[in-house]
Amino acid sequence: MSLVVEPSGRVVVTGLGVVTPLGVGVPTFWPRLLNGENGIGRITLLDPSTFTTQLAAEVQGFNAEDWVDKKDARRMDRFIAYAAASARQALDDSGIQITPELADEFGVLIGSGIGGLTFLGEQHRRQIEGGPSRVSPFLVPYMIPDMASGYVSIVHGLKGPNSCVITACATGSNAIGDAYNIVKRGDAIAMLAGGTEAPINEISLAAFCAARAMSNRNDDPAHASRPFERDRDGFIMGEGSAVLVLEDYEFAKKRGAKIYGEIVGYGMSGDAYHITAPAPGGEGASRAMGKALRNAKLQPTDIGYINAHGTSTPYNDKNETDALKRTFGDYAYKVPISSTKSMLGHMLGAAGAIESVICLLAMRDGIVPPTINYENADPECDLDYVPNVARKADAAYSLSNSFGFGGHNATL
């Protein structure tokens, strides 16, 4: 099949791959999410007894050797293995054949907010205990966040644009948005795009505990993450990966691809306010949403579902609620909004990617996932957060928000 020479300017999603606290692969993950199952529990990857927060949303039943070379699996950081697994699933799901001609026009853009922090911590201990000679020669390549993109590119022979986004918790959405622009302007025919994160380690946990950003509901993991709810007290760290195949629409149509949906708008903004706190009144977040809507040539009332950033922290949830009201006006009270972090925890740099997958599946099936643990309404968070039970909803367009430390805002 000949390749598309002139870009159509339209970008569609044809493949999905996920590694999540609710399962590996869309067929396992999606029903559990719709059922309101909770992926949060006491941490098992390390001894959490000395930490103020002892909970996380860990990936269960993942064997890296099922997805990458056995030698690589034994030494690489989990964030790379998660990305490799998601990428292979997405490629298989898309049915795309990577010919030598297509390989030159097929790129990878997988971001990570933290990268190989677990591997770095392990090697630092080896240096302290045994000296510099004990440090692995693989420390640099398996620590740097861009190695998820690099490794996936190498394994599948993808020679198009190869890059990485690091914008804290906005990473996954920025990665997909930037890949969307690459395909839209014709610099690639297809891209693997998404986010990956494996942050559950001693130093990461200690850092977020020190920042007092996480829930301390250690005796009740099932109810610890409760976005937009009155008694929320912080987020729960999650891990995993999500990768999407993005293609030029005409190329996808020509090869008879299954199309999940089309990306029609992408907006970014900077708060220029504070290293961790969002701009007051949702001003920065609202500008990102507004840009995405204008980019898509849509009106706010065209949106049928919103997957909120919804971290379960007191300030961020109120701020996002304010941003939604600022952007959508009275319609903010009518559109269903959910935070799937109530079940998955906060997957940091992978969050925007998994939430994009959720939007596509929700539109495909005509049902939106719930925000679980919503028991007591917060007067300052008074929108429709799809409390506790999934809901049928016919959404022609969905919107997904991601906001990160440093004032990074991204909307798809």
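This text follows the structure it describes.
Residues numbered from 1 in each chain as written. Predicted model: local features only at pLDDT ≥ 70, side-chain atom pairs only at ≥ 80, totals over all residues. Heavy atoms only, no water.

## A short note on the sheet that holds strand 11 (residues 305-307)
Part 1 of the reasoning: In spatial order, the strands read 10-16-15-11-12; together these 5 strands make up an open sheet with mixed pairing. For this open sheet the edge positions go to strand 10 (267-270) and strand 12 (337-338), each flanked by a neighbour on one side alone.
Part 2 of the reasoning: Relative to strand 12, strand 11 runs parallel, the two being bridged by 2 bridges. Its bridge partner lying in strand 12, Ile306 is registered against Ile337.
Part 3 of the reasoning: Helix-sheet contacts for helix 12 (residues 314-328) involve strand 11, strand 12 and strand 15 (398-404), and the interaxial angle to strand 15 is about 135°.
Part 4 of the reasoning: The sheet contacts of helix 14 (residues 351-365) involve strand 11 and strand 15, and relative to strand 15 the element is tilted by about 170°. (Pairing = 2+ DSSP bridges. Helix = DSSP H or I, 4+ residues; strand = E, 2+ residues; numbered from the N terminus. Contact = heavy atoms within 4.5 Å. Axes fitted to C-alpha atoms, helices over the stretch in contact; angles between N-to-C directions.)

## Regarding the nonpolar core
Soluble globular proteins tend to pack their nonpolar side chains together in the buried interior.
Part 1 of the reasoning: Membership of the largest hydrophobic core comes to 46 residues, with the highest contact counts inside it found for Leu16, Phe29, Trp30 and Leu246.
Part 2 of the reasoning: Secondary structure elements with two or more residues in this core: strand 1 (11-20), helix 1 (26-34), helix 8 (171-184), strand 7 (190-197), strand 8 (240-248), helix 13 (341-344) and helix 14.
Part 3 of the reasoning: Excluding residues that lie within four positions of it along the chain, Phe29 makes contacts with Val18, Thr20, Leu22, Gly23, Leu344, Ile354 and Ile358.
Part 4 of the reasoning: Counting 37 residues, the second largest nonpolar core, distinct from the first, contains Met76, Tyr82, Ala90 and Leu91. (Core = buried A, V, L, I, M, F, W, Y, C linked by side-chain atoms within 4.5 Å. Buried < 20%, exposed > 50% of the residue type's maximum accessible area, 1.4 Å probe, protein only.)

## What about the layout of surface pockets?
Part 1 of the reasoning: Counted as a void, the largest pocket has a volume near 480 Å³.
Part 2 of the reasoning: Forming the walls of the largest pocket are 34 residues, and the residues nearest its centre are Thr276, Pro278, Thr313, Asn316 and Phe405.
Part 3 of the reasoning: Secondary structure elements with two or more residues in the lining of the largest pocket: helix 11 (283-296), helix 12, strand 15 and strand 16 (408-411).
Part 4 of the reasoning: Per-element tally for the lining of the largest pocket: the top contributor is helix 12, with 6 residues.
Part 5 of the reasoning: Of the pockets and cavities examined, the second largest pocket occupies roughly 420 Å³.
Part 6 of the reasoning: Taken together, 26 residues form the lining of the second largest pocket, with Glu262, Ile263, Val264, Met363 and Ser398 sitting closest to its centre. (1 Å grid on protein atoms, 1.4 Å probe; cavity = no way out; pocket = protein on both sides within 12 Å on 5 of 7 lines; lining within 4 Å. Points joined across faces, edges and corners; volume = space filled by probe spheres on them.)

## What about the pattern of salt bridges?
Part 1 of the reasoning: Applying the stated criterion across every chain yields a total of 20 salt bridges.
Part 2 of the reasoning: We note a salt bridge from Arg10 to Glu262, for which the minimum N-O separation is 2.8 Å. Note that Arg10 is positioned in the segment before strand 1 and Glu262 in strand 9 (residues 261-263), a separation of 252 residues in sequence.
Part 3 of the reasoning: Here Glu262 falls in the partly exposed class, since its relative accessible area comes to 31%. (Salt bridge = Lys/Arg side-chain N within 4 Å of Asp/Glu carboxyl O.)

## A short note on the pairing of strand 16
Within a regular strand, the side chains alternate between the two sheet faces.
Part 1 of the reasoning: Here strand 10 pairs with strand 16 via 4 bridges, running antiparallel. For Gly267, the partnering residue across the bridge sits in strand 16 and is Thr411.
Part 2 of the reasoning: As paired elements, strand 15 and strand 16 share 4 bridges and run antiparallel to each other. Within strand 16, the residue paired with Ser402 across the bridge is Ala410.

## Thoughts on helix 8
Part 1 of the reasoning: For helix 8, spanning 14 residues, the distance from its first C-alpha to its last is 20 Å, which sits close to the expected 20 Å at 1.5 Å a residue.
Part 2 of the reasoning: Judged by how many residues are buried, helix 8 sits mostly within the fold: 11 of 14 residues are covered.
Part 3 of the reasoning: By the burial criterion, the buried members of helix 8 are Thr171, Gly172, Ser173, Asn174, Ala175, Ile176, Gly177, Ala179, Tyr180, Ile182 and Val183.
Part 4 of the reasoning: Positive phi shows up at Gly186, right after helix 8, with a value of about 90°. (Expected span 1.5 Å × (residues − 1).)

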